[in-house]
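Survey of secondary and tertiary structure
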Amino acid sequence: MPAWGKTRCYSGVATALLALLPLRSASAQVAAVVRGCVLSARGDTIVQASVSVRGALNQTRTSNDGCFAIALPVGEWRLVIRRLGYRPAEILARSERETPGVLSVVLEPATTELGRLVVNGESLSPFTTTVTPTALRQLPPLGERDPFRALPFLPGIAQPNDLLGRLHLAGGASDEHVITLNGHPLQAPFHINSVMGAFNPASLDRVDVVMHHLPVSRFDRVSGSIDLHTREAAGRAEREAQLSVLSVSGTVLEPSVFGNTDVLATARASYLDAVLKRLSLDGGSDDIRVPSFRDALVTARTQWSRRLDSEVLLFHTQDRWFESGSSTAAPAAWGENLIGVRVGYREGRWNGGARVSLNRATVAQRTLADDVQSGHVGPLESSAMGQRTTSLIDMDQQWVSAQLDAQYQRERWRVAAAIGLDARNHDNAWLGLDATERLLNELPPAGHYVASQLVRNGSFEGTTITERWGIRSTLGVRASAVGGSVYFAPRALVSAPVATNITLSLGLDRRFQFDAIAAEPNEGTLTQPVFFPMRPRSADVAAFSAAWRPSGDEQRTRVQVSAAVFGKRNRDRPVLPLATTSDDLPQTATPVGPPPSWAPPFTFVVGYAVGTTVGFDIASTSGWLLQGSYTRQRSRDARDGVIRPTPWDAPHQLTGLFGVPLGRKWQFTMAGQFRSGPAVTPIALTVLNPFSQSYVPRYIPGEPLTARAPAFFRADIGVQRSWIARRATWVVSAQAINALASDNGVRYDGVAAAACSGRPGGCTNNGGTGGLPFLPSLGIEVRW
Amino acid sequence: MTSLMCKAPARMRRQLSAFCFFFAACACGCEPSAPLIAESDELMVYVVLESSPSDFAPQPITAVVARSATPAVEFLSAHVFSMRRASDGRLFDWREQPTISIGIGQLSGNYVLAEALSDVGALGRDSLMPGDRYDLWVETRGRTITGSVTLPGRPVLRLHRGVELDTIMWAPVAGAAAYRTPDGRLSADTMWIGNRQSAGTRYFVTAVDPQLAQYLRSPRLAQSGVAGSLGLFGGQVTVSLKVPPDGAASAASSGSASATHLTEESAATSSHLQNEAAFHRQILLSSRCLATAGLLERGGSKAEREAGVKRESICLASVKGDSHSLQLWSKGGVYGPL
């Protein structure tokens, strides 16, 4: 069916959207502007505080001077002012045509708010979960404090293992969500082969995760979005330095550097590589592979006038991995660079903005080593006996993204529209079995993928709120034009406060995505090549959530409970045929025939993900913290006519975080994660393989993904002490990662498991390889 | 249950319903998973015949008759284990031997082929000849396992001694589906390039028959060349080439920086390499190709660089069948055949 044919399906939706405008326009009233400024108890201005109106849709944020202006009909209104780290304030404001004064709002700090891992600071988005760096500081870090390592503590988010930092949102694949930085798209912001994220938490204000309902103006992804937001100046300069096991970092947040321009600059660089290299050169093992990384982020935010502001963002990551055991191999290097510009404009009821993002991710590796053990190679030796490797990785993935958006809001309704484009140009080349191992095992030994894609998109969204019940309804549609076809993605969100402290929300989405990686990456892989399938992947998502915040003495203890049920149907999930694995590829590194141009032979299958999540957290002003989440979800797809679990399917996931003050400014924290093992392929048969003059077992795999690897369990404990001295806040911390030394394999190896089970007396190997051992670490940071 | 629900207070009913809903949602996803290691019980027979050079002291040729009682392997004593040469029907001298564990996970075979003609006239290992066909007949546990294999021809190796590289080439031989190169890889190519080795080093190249090649190339294959059981009946022919002394090489090369030497084992020139100049050019280009790719630090001439041989390029040396090609491949395009 031609894609344009879909327009008929959603003509009713568009009609309904358009109908919102005239209906509500008739209720327009005479308006006036209410002005105010938000300050902390110390008198500092609070920027980017959200100002909303109870019972109405009007909202705005404070600018760099901490002040706001919001248009309201003449009358009395209750304004709600929120900012992460502060207790919300509600004030009565009178809107008059001749309002003389400026309101002054003082926010009290909320120690219980930032300490908890899950913060619902943006209450206007019911399906958004937020993590703050303050909360990250409570988690025992895996070497480095890392936002991506904290997200699996949230309900519905899974991470494969300790050595793979990619995330699975709501049962989706790891390439089904987008990561953005201040609204700019990123491609692979990870360090050390995706073990950890490439962000210094000191530079972040918060991390928002959107899974169950995706606003139409966001990047279209079938599983959601992880949005990182950088810190903004709060009236005075702030500086921070950190020293961890792996790296050293520094962050400066300077307000009004050039006139009205606030500057945030942060940089981080590893030093462990130099230490390990030195140890290796001094007689240590030549097998040590030394990771080296650095990242930097600079933002310059300028308030040109009360209406106009802009932000320039520069982001850079770079990794190099030295193969110290080889003299001929060039180090693998990969990284990402982003230049982003955003301009915002506010005028009365109008909000508008423009964004331009230039992103480039590259990978380069050249390994040409030839160390043949000639003269002693037997006729049936394994190929592993030869040391000859010839591999090349040369990847260049460029992404230019731009968007214009505008919003007009009244008290009971709001409309927003946006247009944008995403132009991507990929030039990826690889050669050699070693190269495919470093990228994706499913790639052929040689391939060259050159492709461009232009996605033009437009979105329209209308929101209403009922005066009596406070029911908020949002209806929107996103249209994307790709290669002459147009795809429409309607979305709806209804949120209703059924009681004083209980809010129910229902989201219904259709989503499209226009790129894919060839398969799930393994541990140790670099930035994966991204391909543009012939047709988009799409999914229908339905989610229902309930959030309960019991009333009580919020001065002492705050409790929050949330639950959600979601279902997702991937109508077109691009997958490779099960037979397309490296096992079946020719065992030669010198391909013959035509130039090795290659695109994945995707087939499109139907997939399902359903789940139930429950989360709670309790925090008190005395420093107690208790948080937990349980996720029950299944993720399956139908390949070759058989419904199987996906490789990332983990039915049960349980997380917990407990913190308690020990006195004398010491804090104790314990974090635990348990989840089911991933779906794996069992060993169906053991036969033999001739090897030189002997025979070794050959394990024949059975039905794909019908068995399950051992479960994952990890408990981390940490203590930290913070104190103020010399006008600075000092924090020292000590952590014990995997304190119980659980044997968590990172890549299940059925062959190892079979070999173990066949050995007389058995052995303790459960088939997992390279799991994280007990790992102590120390850290120190100073903020001034 | 229904009446109980009706009598319960409304609040309790709501809570009970919510619990039931949550429990049902959880239970819906429950399903038993398969065991990680499935149990199996299958007959297996493995025989790989090999003809190797006379001056090479090979290990004995062994065979396996066993039962795959996954995860352990149980060796079996065959009621009949016979192998005949198809051309004249003569029997080979296979004998049962005790099995031993060679290393972790490595086992010896439980049948061994005699090295030479036995007293009773049965053939030994030295009677395995390239190009001959052999038939296998095994009876055990009431089952009959049969198979047939033809040993491939004997490759003739040519050695080129470069300044920093050794190149070995050979012509395709009948009955070979793949070749095991000196670095142990299984390849369809008939050329191999490696670092220059010192004089006296011996290179081995093995021609592999289709049944063994298929088995080695497909790690998920459980049967190739046998009928009636799992297992393998394959054959291979190994030849070796000894690197001559450097002095002799210099004398033979007549001052050339990259000369071609014919060894005593590759005296006959292959028919597909009539044009010696073209072959020589290929070797030069191959060396330069690898050099520009970073393996060696020899730089190309200005003309070569202008021809598009960039540092980012990489060499695809491909020699298959009677056609030889050498491609320099980079993201700027494919340059070749050269």
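Just so it is clear, the structure is predicted and the values come from calculations on it, not from any experiment.

1. Some details on the overall build of chain B
- A count of helical and extended segments in chain B gives six helices and 23 strands.
- A total of 338 residues make up chain B; the buried ones form 40% of that total.
- Look at the contacts in chain B between residues 6 or more apart in sequence, and 60% of them connect residues 24 or more apart.

2. Some thoughts on the pairing of strand β2 (residues 62-69) of chain B
Residues and elements named next belong to chain B.
- The element β2 is largely enclosed, with a buried count of six among its eight residues.
- Note: strand β1 (residues 42-51) against β2, six bridges, orientation antiparallel. Counted as the bridge partner of E42 is S68 from β2.
- Pairing geometry for β2 and strand β8 (residues 111-113), over two bridges, is antiparallel. Residue pairing across strands places T62 opposite V112, the latter belonging to β8.

3. Some details on the sheet that holds strand β3 (residues 59-61) of chain A
Residues and elements named next belong to chain A.
- Spatial strand order, β3-β2-β5-β6: four strands in an open sheet with antiparallel pairing. Strands at the two margins of the open sheet, each flanked by one partner only, are β3 and β6 (89-95). Averaged over all adjacent pairs, the angle separating strand axes in this sheet is 25°, with direction ignored.
- Here four bridges tie strand β2 (residues 50-53) to strand β5 (residues 75-82), and the two strands are oriented antiparallel to one another.

4. Thoughts on the nonpolar core
- If you look at the biggest cluster of nonpolar residues, it comprises 75 residues, and the most contacted ones within it are V45(B), Y46(B), V64(B), V65(B) and I168(B).
- One finds F127(A), L167(A), L181(A) and L657(A) within the second-largest nonpolar core, a separate group that totals 55 residues.

5. Details of the confidence of the model for chain B
All names here are of chain B.
- Mean pLDDT over chain B stands at 69; residues scoring 70 or higher make up 58%.
- Low pLDDT (under 50) marks residues 1-8, which in the prediction has three contacts with non-local residues, meaning those over four places away or in another chain.
- This stretch, residues 249-338, has a pLDDT under 50; its non-local contacts, to residues over four places away or in other chains, come to 143 contacts.
- Two summary scores accompany this predicted model of the complex, namely pTM at 0.76 and ipTM at 0.71.

6. Some thoughts on the environment of A446(A)
- Relative to the helices and strands, A446(A) resides in strand β26 (residues 446-465).
- In the structure, A446(A) is positioned 15 residues away from L431(A) in sequence and 4.2 Å away in space, judged by C-alpha atoms.

7. Comments concerning unusual backbone geometry
Residues and elements named next belong to chain A.
- Of note, the phi angle at S256 is positive, near 50°, even though the residue is not glycine.
- Note that S256 resides in strand β18 (residues 247-258).
- The phi dihedral of A741 is positive, around 50°, even though this residue is not glycine.
- Owing to 14 C-beta atoms within 10 Å, A741 belongs among the partly exposed residues under this scheme.

8. Observations regarding the sheet that holds strand β16 (residues 224-230) of chain A
Residue and element names in this part refer to chain A.
- Read from one edge of the open sheet, five strands run β8-β15-β16-β11-β12, paired in mixed fashion. Two strands in the sheet have a free side with no partner beyond their single neighbour: β8 (128-131) and β12 (184-186). Between one strand and the next, the sheet's axes are offset by a mean angle of 25°, whatever the strand orientation.
- Of the strand pairs in this sheet, β8 and strand β15 (residues 204-210) are connected by four bridges, and their pairing is antiparallel.

Calculation criteria
- Residues numbered from 1 in each chain as written.
- Chains lettered and ligands numbered in written order.
- Predicted model: local features only at pLDDT ≥ 70, side-chain atom pairs only at ≥ 80, totals over all residues.
- Helix = DSSP H or I, 4+ residues; strand = E, 2+ residues; numbered from the N terminus.
- Buried ≥ 20, exposed ≤ 12 C-beta atoms within 10 Å, placed from the backbone.
- Contact = placed C-beta atoms within 7 Å.
- Pairing = 2+ DSSP bridges.
- Axes fitted to C-alpha atoms, helices over the stretch in contact; angles between N-to-C directions.
- Core = buried A, V, L, I, M, F, W, Y, C linked by C-beta atoms within 7 Å.
- pLDDT = per-residue confidence, 0-100.

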